[in-house]
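Close look at the chain arrangement
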Amino acid sequence: MTDRAHAAHAEEETGVWSGSWVAERLGVELAGDEALTGLLGLALRRNPKRAHLLVSNVLGKHVPQSPSVVYGHGVALGRRVRELLGAEAAERAVVLGYAETATGLGHSVADGLGPAPYLHSTRRAVAGVARAGGFEESHSHATSHLLLPQDPALLAGDGPMVLVDDEFSTGNTVLNTIRALHERYPRKRYVVVALVDMRSPADAGRLDDFAREIGARVDLVTTASGTVRLPPGVLEKGQELVARYESPAADLAAAPTTEATTKAATEATTEPATETAGGSTGAASPGSVERVDLRWPHDVPDGGRHGFTAADRDRLESALPGMAARIAEALPARARRVLVLGFEELMYAPLRLAQALEQAVGGDVDVRYSTTTRSPVLAVDDPGYAIRTRLVFPAHDDPADGPGERYAYNVAGAGFDAVIAVVDSAADTPALHAPDGLAARLAAHVPHVLLAVVPSYVPHTSHAPQAPERPPMLPEPLRGPAFSSYAPDEVGWLLQDLSDVTLEAPTEEREEAIQSGGAHYAESLPVEYQPSEQYQELFHAALESSAARLARAVGAVTEVVLAERSPRPVLVSLARAGTPVGVLMRRWAQFRHGLDLPHYAVSIVRGRGIDANALRWLAGHHDPADVVFVDGWTGKGAITRELATALRDFEASDGVTGFSPEIAVLADPGSCVRTYGTRDDFLIPSACLNSTVSGLISRTVLRADLVGPHDFHGAKFYRELAGADLSPAFLDAVSARFPDVTESVDAHAKDLLSADRTPTWEGWAAVERISEEYGIHDVNLVKPGVGETTRVMLRRVPWKVLARAGAGADLDHVRLLAEQRGVPVEEVADLPYTCVGLIHPQYTRGATGADGKAVTL
C-alpha cells in the first residue's frame with residue numbers, strides 16, 4: 001500500500017530509527033535490549049527541565065499504530081503478570097493505571113491478567129465522587145492525579161496491587177504511590193508493570209531497598225529494559241534546538257517542510273526552521289465533520305476512571321462488533337487509511353473500537369490508533385525524528401487546572417483518508433467545535449472526520465451517606481476583641497476558638513511526626529516565631545517603603561472585583577494570609593465608594609479542602625454568587641486548585657451552586673488567577689510575621705478530636721502576644737496611602753480590566769524546573785515567591801534560599817532569617833521569582849504533599 005510510507009515513524013517501515021535525529025544532535029544514547037529502538041523513538045520536549053522525550057511506538061499516544069499491536073503489548077504484559085502471581089493470586093489482584101499516558105495500557109494489562117478490576121488515576125475531578133486518594137507526578141508536566149473509585153473498597157483488598165505506567169524511569173511516582181497506599185491498605189505484594197524499564201544504575205537498586213522498608217514483595221515486569229545516557233550540557237543543547245525550530249506560526253502552517261528543507265534549515269545559522277504542524281501540500285479545502293452514533297451500551301463505563309469490573313468487560317466485549325460495524329458503515333467507500341483518535345485519558349475505549357474496526361474491515365483498510373495529549377513536544381519533519389507533525393487546539397473538557405493547549409501528533413500529513421475522533425460526552429463542548437478546535441484542526445488536514453461520543457460514566461451515588469435531616473445550627477462568626485485584635489466590623493471569623501488547647505510543637509518535631517505518618521500538617525501548630533529587634537526594624541522599614549505600592553495593589557484588585565464580580569461583593573478571606581488583604585480591600589471600598597462590605601475569614605486546608613460548614617453558613621446568609629474569595633498571594637497555585645476542587649465537591653454534596661472558585665489576590669507572581677492587583681513578586685510585609693501581623697490569630701487547625709462534622713475549623717487567639725501586635729499598624733500604614741494613590745489606581749485598574757489576564761501557570765512550570773535542577777524531585781518542597789519563602793523560614797525546616805541576582809531590599813528580612821537559622825542564600829540568574837525557599841530534603845516524606853505528605857490519600 002503506497003500510503004503506508006506516510007506513517008514514517010517505526011523503524012521497520014522506513015529503515016531509519018526515529019530517534020536518530022535527536023541522538024546525532026544531542027549525543028543521547030539508548031543502551032540496553034535490542035528491542036529498545038523498535039519500541040522507542042526520541043523527540044525534544046518543549047519543556048525547560050528535561051531535553052529529551054522517549055516516544056513509544058507501541059503505546060498509541062504520540063505515534064499512530066495498529067490497534068492490535070497496541071492492545072497486544074498490554075495483554076501480553078498482563079499474561080506475564082498472571083504467570084508471575086499464579087492463578088489464585090491473580091484472581092484477587094487489582095490493577096491501577098496512571099493518567100494520562102498509561103490509562104489504556106493499564107486497562108489492557110488488566111484484560112491480560114484475567115478478571116481483575118481496573119482503576120486509573122485521573123486529572124478530572126467529578127462532581128459527587130469522593131476522592132479516595134491522589135498524588136502529584138513531580139518529574140513531569142502533569143498536574144495532580146486523583147483516585148475516584150465508585151467503590152472505595154476497590155483499593156482496600158489484600159490481594160496483589162498491579163501498578164501500570166508506560167515507562168519506569170526513576171521510579172519516584174510509583175514508589176511514592178505504593179508507600180502511601182501501603183500505609184492505609186497494607187498488602188503483601190505489589191507488581192510494577194511498564195513497557196520499558198529505563199532506570200539509571202543509581203535508581204535500579206532502590207526497588208529492593210524499598211520493598212524491605214515496607215515489608216512487602218515488589219516485582220517488576222517490563223517488555224524491555226535499558227538506560228538513557230545523557231552527555232554533559234544536554235539540557236542547554238536541547239533548549240537551543242527547541243528555540244531554533246520553534247515558531248509561533250508553525251502551529252497554523254498548512255504544509256510541512258520536506259526532509260531536505262528541514263536538514264538545510266537545521267544546519268543553517270541564520271534562518272532557523274519552522275516547526276512542522278500542518279498537513280500535506282495538497283490539503284486545500286477543509287474536510288467534512290459528521291457524527292456517528294456508537295450506541296454505547298447502557299451503564300458500561302467509558303474507562304477505568306471510577307473502576308471497571310469483569311462484568312463491565314463482558315458487556316463491552318459483546319457490544320464492540322456492533323459499534324465497529326456502525327463506524328465501518330459511516331466511513332467513505334474509498335477510505336484505505338483510517339485513524340481512530342482517542343482523547344487524553346480516554347484511551348481504552350477508542351483502542352478497543354479501533355481493534356474491532358480493524359477486524360471488521362480486514363485487510364482492505366489500514367487502521368491506526370493514537371490519542372490527543374497534553375504533552376508539549378517539538379515537531380520536526382524528518383524520518384529520524386519521532387514527532388513529525390503537530391496539531392494544536394485548546395482544551396475542550398473544562399479541565400480542573402484551567403485552559404491550555406492540547407496536541408495531536410503525527411496526524412497531519414500522514415495520508416489518512418478519515419479520522420474517527422472518539423471523545424467522552426464531557427468533552428463534547430463548544431470548544432471542540434470552535435474554529436480553532438480539534439474538529440476543525442482535523443478537518444483542515446483530513447478529508448473525512450467522524451465524531452464518536454462515548455457517554456461519560458457517572459457513578460451511582462445512591463449508597464453515599466446521607467446528611468442528617470437537621471444539622472445543628474452553626475454559630476455566628478467570631479469577632480474582635482474577643483477573638484482577634486481586629487475591630488469587630490473589620491472581619492468575622494467562621495472558625496471555632498481553640499485558644500485553650502495546646503497545639504504547638506517545635507518545627508523539627510512536627511516534621512518528624514508527619515514523616516512517620518502519625519500526623520497531618522494541619523493537626524498541630526508551629527511555635528510562634530518571636531522576631532528579634534533587628535528583624536522588627538526590617539519589618540517597619542519594609543512597611544514604610546512598600547506601603548504606597550501595597551495601597552495601589554489593594555485598590556486595583558478591589559476595583560477589578562467591583563467591576564467584574566459584584567457591585568456589592570461579600571469578601572471571604574482564606575485564613576490567615578488572606579485576612580489582612582481582605583480587611584484592606586474592605587477599607588478601600590469604603591474609602592473610594594462609600595461601601596460597607598461584609599468580610600469573613602474561612603479555613604482551607606491543603607488536601608482536605610475548604611471548610612464546608614463555613615460555606616453552608618455563607619450560603620445561608622448571602623448569595624453565593626456575590627462571594628469573592630480573597631488570598632494574599634499565589635505561589636505555584638496549589639490553593640487555587642484546592643479551592644476549585646473543594647467547591648465542586650461541595651456543590652455535589654450539598655447542591656448549593658453559585659460559589660466562584662476564582663480567587664482575588666494582592667499579588668499573583670505565579671500567574672494562577674485572573675483577579676489580582678499586581679503580578680510582581682515583591683515583599684508584602686504581612687508575610688514577614690506570623691500572628692502578630694494577622695490579628696493575633698494562628699494558622700487554622702483541622703483535627704478529628706477537636707473539629708466535629710458540624711463544627712467550623714479551629715484556630716487560636718494569642719492574647720498573650722498583644723504587646724507585640726503589629727496588625728493595626730500594618731493596616732493603618734497602608735490605608736493612610738489611599739488618597740495618594742487614587743489616580744494611579746484608577747489608571748492601573750483600567751489597564752487590568754482591558755488586559756488579557758488569562759492565567760499561564762508559569763509559576764508551576766518554574767517550580768518543576770527548580771525541583772529537578774536541585775535534585776529534590778518533589779514540587780511541594782519548593783516554595784516560590786517572597787511570601788512563601790518567608791513562611792519556609794518561619795515555619796518549616798529550610799534547606800536553602802534561591803535569590804534572584806540583584807534582588808534588593810525586598811529580601812533583607814529573608815537574608816536576616818537565613819543568617820539566624822544558618823541557611824545558605826544562593827543567587828541565581830534569571831530566576832522567575834524574587835526568591836524561592838527550598839524545604840530540607842531530609843523531610844521529603846513529611847508534610848510536603850497536597851495533604852501534608854509526599855503522596856496523598
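It should be emphasised that the depicted structure is a prediction, and the values quoted were computed from it without experimental measurement.

Here we look at the overall build of the protein
A tally of helices and strands in the protein yields 24 helices and 32 strands. Residue burial in the protein is summarised as follows: out of 857 residues, 61% are buried. Taking all contacts inside the protein whose residues are at least 6 apart in sequence as the whole, residues at least 24 apart take part in 77%. Here the protein displays about 31800 Å² of accessible surface, and carbon together with sulfur accounts for 51% of that area.

Quick word on the sheet that holds strand β4 (residues 94–97)
If you trace the 6 strands from one edge of the open sheet to the other, you get β1-β10-β9-β8-β4-β5, paired in mixed fashion. Bordering the open sheet on either side are β1 (29–32) and β5 (118–120), each of which pairs with just one other strand. Adjacent strand axes in the sheet meet at a mean angle of 25°, parallel and antiparallel pairs treated alike. Here β1 runs beside strand β10 (residues 217–229); their pairing, made up of 4 bridges, is antiparallel. Paired with L30 across the strands is V228, a residue of β10. Helix α4 (residues 67–85) rests against β8 (161–168), β9 (189–197) and β10 of the sheet, and its axis sits at about 135° to β10. Each of β4, β5, β8 and β9 touches helix α6 (residues 103–113); the most contacted strand, β8, lies at about 135° to it.

Concerning the side chain of T389
Within the fold, T389 resides in the loop between β13 (366–372) and β14 (390–394). Of the polar contacts made by the side chain of T389, one reaches the backbone oxygen of A412; its length is 2.9 Å.

Brief notes about the sheet that holds β13
With parallel pairing, the 5 strands of this open sheet are ordered in space as β11-β17-β16-β12-β13. In this open sheet, the two strands that pair with only one neighbour each are β11 (288–291) and β13. Each strand of the sheet is rotated relative to its neighbour by a mean of 20°, with strand direction disregarded. Judged from the 7 bridges that link them, strand β12 (residues 337–343) and β13 form a sheet pairing that is parallel. Its bridge partner being in β13, L339 is matched across the sheet by R368.

Considering the confidence of the model for the protein
Per-residue confidence for the protein gives a mean pLDDT of 83, with 85% of residues at or over 70. Counting contacts from residues 138–143, a segment whose pLDDT is below 50, to residues more than four positions away or on other chains yields 27 contacts. Contacts of residues 462–471 to residues separated by more than four positions or lying in other chains number 2 contacts, the stretch itself having pLDDT below 50.

As for the packing of helix α16 (residues 533–564) against helix α24 (residues 812–821)
Their axes nearest at 9 Å, the elements α16 and α24 cross at an angle of 165°. Between α16 and α24, the interaxial angle falls into the category roughly antiparallel. Relative to α24, α16 is oriented so that their crossing is left-handed. Contact with α16, carried on its side by Q534, Y535 and L538, involves D812, H813, L816 and L817 of α24 and no other residues of that element. Looking at the contact of α16 with α24 residue by residue, the classes come out as 4 nonpolar, 2 polar and 1 charged.

Side note on the packing of α16 against helix α17 (residues 578–593)
Packed helix pairs are specified by the crossing angle of their axes together with the interaxial distance, meaning the distance between the axes. Following both chains from N to C, one finds α16 and α17 inclined at 75°, their axes separated by 9 Å at the closest point. Here α16 is positioned roughly perpendicular relative to α17, judged by the angle of their axes. Of the residues in α17, those touching α16 at V554, G555, V557, T558, E559, V561 and L562 are L584, M585, W588, A589, R592 and H593. Here the contact of α16 with α17 is composed, by residue class, of 8 nonpolar, 3 polar and 2 charged.

What to know about unusual backbone geometry
Cis geometry is found at the peptide bond from A99 to E100, where omega equals -5°. Relative to the elements of secondary structure, E100 occurs in the loop between β4 and α6. For the bond running from A575 to R576, omega is 5°, close enough to zero to count as cis. Considering the arrangement of structural elements, one finds R576 in the loop between β22 (570–575) and α17. Positive phi outside glycine occurs at N410, with the angle close to 60°. As for its placement among the helices and strands, N410 is situated in the loop between β15 (405–409) and β16 (418–424). Under the relative-accessibility criterion, N410 is labelled buried at 2%. The residue S671 is not glycine, and still its phi comes out positive at about 55°. You can see S671 is positioned in the loop between β26 (664–667) and β27 (675–678).

Describing empty space enclosed by the protein
A full pass over the atoms with the stated rule returns 9 cavities of 30 Å³ or more. Here the second largest cavity defines a volume of roughly 120 Å³. Residues belonging to the lining of the second largest cavity are distributed by class as follows: 4 nonpolar, no polar and 9 charged.

Cut-offs and rules
- All residue numbers here refer to positions counted from 1 along the written sequence of the relevant chain.
- pLDDT decides what is reported in this predicted model: residues at 70 or higher carry local features, side-chain atom pairs at 80 or more are listed and counted, and totals for whole chains, interfaces and linings draw on all residues regardless.
- For side-chain calculations, the full set of non-hydrogen atoms in the structure is used, while hydrogens and water are omitted.
- Each helix is a run of H or I in the DSSP string that is no shorter than four residues. Each strand is a run of E no shorter than two, and both are numbered from the N terminus.
- Exposed residues in this analysis have more than 50% of their type's maximum accessible area, buried residues have under 20%, and partly exposed residues fall in between, with area computed by a 1.4 Å probe over protein chains only.
- In this analysis, two residues are considered to be in contact whenever any of their non-hydrogen atoms come within 4.5 Å of each other.
- Each accessible area value is a Shrake-Rupley result obtained with a 1.4 Å probe; residue values ignore everything except the protein chains displayed when judging cover.
- For two strands to be treated as a pair, DSSP must find at least two bridges joining them.
- Under this scheme, a helix contributes an axis fitted over its contacting stretch, all axes are lines through C-alpha atoms, and angles between N-to-C directions fall in the 0 to 180 degree range.
- Here a polar contact is taken to be a pair of N or O atoms separated by no more than 3.5 Å, where protein atoms must pair a possible hydrogen donor with a possible acceptor and residues adjacent in sequence count only if both atoms sit in side chains.
- Along the chain, pLDDT gives the predictor's confidence residue by residue, from 0 to 100.
- Roughly parallel here means an angle under 35 degrees, roughly antiparallel means over 145, roughly perpendicular means 65 to 115, and every remaining angle is called oblique.
- Each helix crossing is assigned a hand: it is left-handed if the near helix lies turned anticlockwise from the far helix by less than a right angle, otherwise right-handed if that turn is clockwise.
- Gly falls in the polar group here, along with every residue not listed as nonpolar (Ala, Val, Leu, Ile, Met, Phe, Trp, Tyr, Cys, Pro) or charged (Asp, Glu, Lys, Arg).
- A pocket here means an open set of points on a 1 Å grid, computed over the protein atoms alone, that has protein on both sides within 12 Å along at least five of seven lines. A cavity is instead a set of points where a 1.4 Å probe fits but cannot get out; residues with an atom within 4 Å of a point line either one.
- Grid points are joined across faces, edges and corners, and a volume is the space filled by probe spheres set on the points.

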